[in-house]
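Working through the structure, step by step
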Amino acid sequence: ERGTAGRATAVAHPNIALIKYWGKRDEHLVLPRVDSLSMTLNVFPTTTSVRLAPRSGSDMVTLNGRPAAGEALRRIVDFLDLVRERAGLAHRAVVDSENTVPTGAGLASSASGFAALAVAAAAAYGLDLDATALSGLARRGSGSASRSVFGGFAVWHAGPDAGSAEEADRSSYAEPVPVGDLDPALVVAVVDAGPKPVSSRAAMRRTVDTSPLYEPWAVSSQADLIEMRAALLAGDIEAVGEIAERNALGMHATMLAARPAVRYLSPATLTVLDSVLRLRQDGIPAYATMDAGPNVKVLCRRVDADRVAEAVCVAVPGGAVHIAEPGPGARLLHGDG
Ligand code: PMV
């Protein structure tokens, strides 16, 4: 055993895409159809520890204090199998993960979860990976996790279409994006913290397979990404927000046109969207984005965040509102093992 730490603990934060990942070109390798770009948040961290258990015949996984089972367990065991194969080490592991994201609410708990697991498992199994390789590894657990390896803003490259599976696997990863003078906040409006009706995996597949709007959105999304990079560099919050909002609404349009339709947006979602429009009419730059759930994330200036949060609170009296700022990348916690 070459330098396996044997155990490691890592922490990672969720990210919210401003240019969305929607649709895979390879389900097994988790290769996306389009590039995407996100902001990693400073709220809702996931902390995950991995300890090798050489005498155990199976992996033991605990999520928020409860033994994992079914699909959640299978995805983690599959991910550990990949790490074991790369490390050349067959040992089973004990995984303990504490997640502060409202699970399954379209707030990307899988992004922080698999980013933390990738960093902790790589260290525990003695894989010496740089940030790019860790991002590619996290991608195999959940696409959006590739971006949570990095703090601030990150772009996830779909990678070239040609070449071998190994080449494709190696060339799809995230990296940091340069940003100008921007002091952004994301106001997260949790209108419904329940689990989603359709998993993002299944919804993506159905959209790519059946939606006549998918291809046009994918094409326009590549153009959105180019404009978004320029807007971020220029520190132009209005342009960043406008591009993010149209990209998200376009993604939801592709789902609404799928057969049968996938609809994550609820009446409460639309109420929040109305409040965002009113904020803009009042001269506050505020722009909405939604993922695989009814919750709304409102991008605004840090100085306007309290006012935006208040407006959103009034719009959804029962809902919870959180103010997030750009947060750190995934990292190992020291003093372990
Ligand atoms: O990583 P997944 O499979 O949970 O996909 C997440 C997809 C969206 O959150 C809807 C968009 C994105 O880019 O994060």
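Residues numbered from 1 in each chain as written. Predicted model: local features only at pLDDT ≥ 70, side-chain atom pairs only at ≥ 80, totals over all residues.

Some thoughts on the overall build of the chain
The cut-off we apply is this: Every helix listed is a DSSP run of H or I at least four residues long, and every strand listed is a run of E at least two residues long, numbered separately from the N terminus. We compute the radius of gyration over the C-alpha atoms and compare it with the globule rule, which gives 2.2 Å times the number of residues raised to the power 0.38. To assign burial, the other C-beta atoms lying within 10 Å of each residue's own C-beta are counted, with C-beta atoms placed from the backbone; 20 or more indicates buried, 12 or fewer indicates exposed, and intermediate counts indicate partly exposed.
Scanning the chain for helices and strands turns up 10 helices and 16 strands. For a compact globule of 337 residues, the expected C-alpha radius of gyration is about 20 Å, and the chain comes in at 19 Å, within 12% of that figure. Residue burial in the chain is summarised as follows: out of 337 residues, 49% are buried.

Description of the domain arrangement of the chain
Basically, it comes down to this: Here the limits of each domain have been adopted from an automatic or database domain assignment. Residue pairs are scored as contacts if the distance between their C-beta atoms, which are placed from the backbone, is within 7 Å. In the scheme used here, Gly and all other residues not listed as nonpolar or charged are polar, with Ala, Val, Leu, Ile, Met, Phe, Trp, Tyr, Cys and Pro taken as nonpolar and Asp, Glu, Lys and Arg as charged.
Looking at the chain, the domain boundaries give domain 1 (7-179) and domain 2 (184-324). Computed over C-alpha atoms, the centres of domain 1 and domain 2 are 23 Å apart. The interface is formed by 25 residues belonging to domain 1 together with 36 residues belonging to domain 2. Going through the elements one at a time, strand E2 (15-19) and strand E5 (36-40) are the ones with two or more residues in the side of domain 1 that touches domain 2. The element contributing the most residues to the side of domain 1 that touches domain 2 is E2, with three residues. Here the residues of the side of domain 1 that touches domain 2 sort into 17 nonpolar, four polar and four charged.

Focus: unusual backbone geometry
Looking along the chain, the bond that leaves Arg259 and enters Pro260 is cis, with omega of -5°. As for its placement among the helices and strands, Pro260 is situated in the loop between helix H8 (237-256) and helix H9 (267-281). In the Ramachandran plot, Phe44 falls in the positive-phi region, its phi being about 60° despite a non-glycine side chain. With respect to the helices and strands, Phe44 occurs in the loop between E5 and strand E6 (46-53). Assessed through the 19 C-beta atoms surrounding it within 10 Å, Phe44 is described here as partly exposed. The phi dihedral of Asn64 is positive, around 50°, even though this residue is not glycine. Position of Asn64 relative to the elements: it lies in the loop between strand E7 (60-63) and strand E8 (66-67). C-beta crowding within 10 Å serves as the criterion here: with 12 such atoms nearby, Asn64 is assigned to the exposed category.

Describing the sheet that holds strand E1 (residues 7-12)
Test applied: Only when DSSP finds a minimum of two bridges between them are two strands counted as paired.
With respect to topology, six strands assemble into an open sheet ordered E8-E7-E9-E6-E1-E16, the strand pairing being mixed. The open sheet has two edge strands, E8 and strand E16 (331-333), and neither has a second partner. Note: E1 against E16, three bridges, orientation antiparallel. Across the sheet, the residue bridging to Val11 is Arg331, located in E16.

Re the site of the ligand
Put simply, the test is: A residue counts as near a molecule or strand when its C-beta atom, positioned from the backbone, falls within 6 Å of it.
Taken together, 14 residues form the shell around the ligand, and within it Ala17, Tyr21, Ser142, Ser144 and Asp291 come nearest. Looking at the shell around the ligand residue by residue, the classes come out as five nonpolar, six polar and three charged. Mapping the shell around the ligand onto the domain boundaries places at least three of its residues in each of domain 1 (7-179) and domain 2 (184-324).

Here we look at the packing of H9 against helix H10 (residues 305-315)
Inclusion rule: Angular values range over 0 to 180 degrees, each being the angle between N-to-C directions of two axes fitted as lines to C-alpha atoms, with helices fitted over their stretch in contact. The cut-offs work like this: below 35 degrees is roughly parallel, past 145 is roughly antiparallel, 65 to 115 is roughly perpendicular, and the gaps in between are oblique. Left-handed describes a crossing in which the near helix is turned anticlockwise from the far one by less than a right angle; the clockwise case is right-handed.
Interaxial distance between H9 and H10 falls to 9 Å at its minimum, and their mutual angle equals 140°. Taken together, the axis directions place H9 and H10 in an arrangement best described as oblique. H9 and H10 meet at a crossing whose hand is right-handed. Where H9 abuts H10, its residues Thr271, Val272, Ser275 and Leu279 lie against Val308, Ala311, Val312 and Ala315. Counted by class, the contact of H9 with H10 contains six nonpolar, two polar and no charged residues.

Here we look at H8
As a reminder of what qualifies: Multiply 1.5 Å by the residue count of a helix minus one, and that product is the helix's expected span.
If you check H8, its first and last C-alpha atoms are 28 Å apart, about what 20 residues at 1.5 Å a residue would give, namely 28 Å. Of the residues making up H8, those classed as buried are Ile237, Val240, Gly241, Ile243, Ala244, Glu245, Asn247, Ala248, Met251, His252, Thr254 and Met255. Those residues of H8 hidden inside the fold are in contact with E2, strand E12 (184-190), helix H6 (200-210), helix H7 (214-234), strand E13 (286-289) and strand E14 (296-301).

What to know about the environment of Arg139
Residue placement: Arg139 occurs in helix H3 (residues 131-141). You can call Arg139 buried: it has 28 C-beta atoms within 10 Å. Apart from the residues within four sequence positions on either side, Arg139 is in contact with Val30, Ala145, Ser146, Ser172 and Tyr173.

Some remarks on the environment of Ala145
Relative to the helices and strands, Ala145 resides in helix H4 (residues 145-148). Separated by 132 residues in the primary sequence, Ala145 and His13 have C-alpha atoms spaced 9.4 Å apart. For Ala145, the contacting residues outside a window of four places in its chain are Ser110, Ala111, Phe114, Ala115, Ala118, Ala138 and Arg139.

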